[in-house]
Amino acid sequence: MKRRLNFTGRKRIKRDQVTINFIKHRDFIDSFNFINFDHSDLELPANACVYVEAYYRTELKRFPFGTIENFSAPQSTSLTDMAYRQNLKFRVLVVETRSKKILAVADGISPDSPSDRRPILPVEFKDLGNRVWELNFEEEETSPILLINERIPDIHNIAKRDPSFFVYVYPFVLHDILNHMVFVDGIDSITDPQIEWHHDWLDFVSGMGVQPKKCLIKDSDSHDQSEASKWIEQAVEAFSDRYQKYFQAMIMKGEENQ
Amino acid sequence: MIKARALSVDGEKKFKEYISTVRENPSTPRPNLNTAPFSIEFIRELHIEESIALNSKAELAHYIQEQIRTSDLKREDVIDKNLFWSWLAYIWFDQLTLFAPDTGNRIVKEEAKYVCSRDYRDYYRHLVAGPYLILSLLGSRLSRIFLHSPVYTHNDFIEQIASRQFLITHLNLIEVVDLLYWDENKSRPKQGALSRNKPGNLRRFIKVIQQLELTYDIYSLSKDDIIRILPDEFRNWLNQ
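Keep in mind that this is a model prediction, so the values were computed, not measured. (Residues numbered from 1 in each chain as written. Chains lettered and ligands numbered in written order. Predicted model: local features only at pLDDT ≥ 70, side-chain atom pairs only at ≥ 80, totals over all residues. Heavy atoms only, no water.)

Q: How should the sheet that holds strand β5 (residues 59-67) of chain A be read in this particular structure?
A: All names here are of chain A. Strand order in the open sheet formed by five strands is β1-β7-β6-β4-β5, and the pairing between neighbours is mixed. Strand pairing shows two members of the sheet lacking a second neighbour, β1 (11-12) and β5, which therefore form its edges. Looking at chain direction, strand β6 (residues 89-95) and strand β7 (residues 102-109) are connected through five bridges and run antiparallel. Paired with V94 across the bridge in β7 is A104. (Pairing = 2+ DSSP bridges. Helix = DSSP H or I, 4+ residues; strand = E, 2+ residues; numbered from the N terminus.)

Q: Sorry if this is basic, but what is going on with a negative patch on the surface here?
A: All names here are of chain A. Together, D16, D38, D41 and E43 give the surface a local cluster of negative charge. Here D41 lies in the loop between β3 (28-37) and β4 (49-56). By relative accessible area, D41 is classed as exposed at 53%. (Patch = residues over 30% accessible without salt bridge, like charges linked within 9 Å, V, L, I, M, F, W, Y side chains within 5 Å. Areas by Shrake-Rupley, 256 points an atom, 1.4 Å probe, with all protein chains shown as cover. Salt bridge = Lys/Arg side-chain N within 4 Å of Asp/Glu carboxyl O. Lys, Arg positive; Asp, Glu negative; His and termini not counted. Charge placed at Lys NZ, Arg CZ, Asp CG, Glu CD. Buried < 20%, exposed > 50% of the residue type's maximum accessible area, 1.4 Å probe, protein only.)

Q: For this particular structure, what's the right way to read the environment of R242 of chain A?
A: Residues and elements named next belong to chain A. The residue R242 is located in helix α5 (residues 225-242) in this model. A residue is classified by how much of its surface remains accessible, and R242, at 44% relative accessible area, is partly exposed. Sequence spacing of R242 and R161 is 81 residues, and the spatial spacing of their C-alpha atoms is 15 Å. Ignoring anything within four residues of it in the chain, the contact list for R242 reads G207 and M208. (Contact = heavy atoms within 4.5 Å.)

Q: Please clarify how the sheet that holds strand β10 (residues 145-149) of chain A should be interpreted in this entry.
A: Strand pairing in a sheet relies on backbone hydrogen bonds. The paired strands run either parallel or antiparallel. All names here are of chain A. With respect to topology, three strands assemble into an open sheet ordered β8-β10-β9, the strand pairing being mixed. If you trace the sheet from one side to the other, it starts and ends with β8 (123-126) and β9 (133-136), each paired once. With strand direction ignored, the average angle separating the axes of adjacent strands in the sheet is 30°. In the packing of helix α3 (residues 170-185) onto the sheet, the strands contacted are β9 and β10, and the crossing angle to β9 comes to about 25°. (Axes fitted to C-alpha atoms, helices over the stretch in contact; angles between N-to-C directions.)

Quick look at the structure:
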């Protein structure tokens, strides 16, 4: 786990203090809206500049949003000249006008979807050779991406609806993601982790009735590798229970074929 | 001119096998991967000259940029098409592999130089995709320090800077790199820029910037602002 030592005094903008949405045109991402920025508890100077950056890999585009006092959207927030639009993340920065020092930042923000339900696992269809799926953990700050092999006929539908796919793939995906989160990245808090996607997945697991435990926090006295592994297994079991209808459907399909 | 193609998975596999074989046996003939099932037509309008002589990375990147432009395509249409970049490396493989003058042997480097990786941490190492990516991000003048070298080489400016997302996406930082380390008179990087010992070398620059970015919004700074906050060890480079 990378240490995040903050000697600079810059403040952290929490994920729930900003709302960013993609604007789509015929299913293609066109631009974005930066709707909400609740900085009331951050005590930022009125004349500090607010910027939003859209980024992924070597793509980076910055948009000025006025100042803390005079928050105003730029004329255009077009993203059409950026590659990898589906995977773009956002960064919100508040910068001291004269010294150009960063006063507050939120990084690795995934846009909220219009329905307010943000997918926690972006999916990309790619040619993966002879593999059915793989997980892409490119950067610590950005959420993992599930890559599914586009060579498989009708794979878009299979991934969404096929009970076998649900049973054979998604529990292992969940297992690998939690494993990476707990043992590779390391969680720094179970209630308010700094990495946004950790937050999302802890919420997701909590939503299934498996509460995060202190044993998951990597750099702490309470960290317990064996207990953390057990927690991951419980999460996978809860997930499989939640989607037991797919398991049942798969069994029934097998019986019909006999 | 041939229509642009993209390798298929089978084609990529064959290409990898060829790379591995030709490394041991330079006279191995290049397999024909320009037909199905080893490749597929990529974008109908895009044509590529297979036998064009490309003398530098800059020439290569400009050539691709021009072909893309005249085909009414944009960089975002091609930048993530790994199997297209691998196909380009396949058709230009002879140019991308140096024949050592002493032995006459072909020098074949690591696979990622020819087979474009899906992982962006290796993507920039590709000898065709890398230069195009850099030119498309930085433009002609700012890319010169990265693209001055022959097509078959991979220089340390690319390795040290293009691999770091923060650096390659900040044009003002690249302006400073150009100002510090590019020799206008000789049209090549200044001597010692890549040294590990000389004060203010490229590696030191990266370390210093990594410290400064924790405090400053580098994006908001002009190149003169950045130079002003750099330690004294970098001053000598400006006067060379």
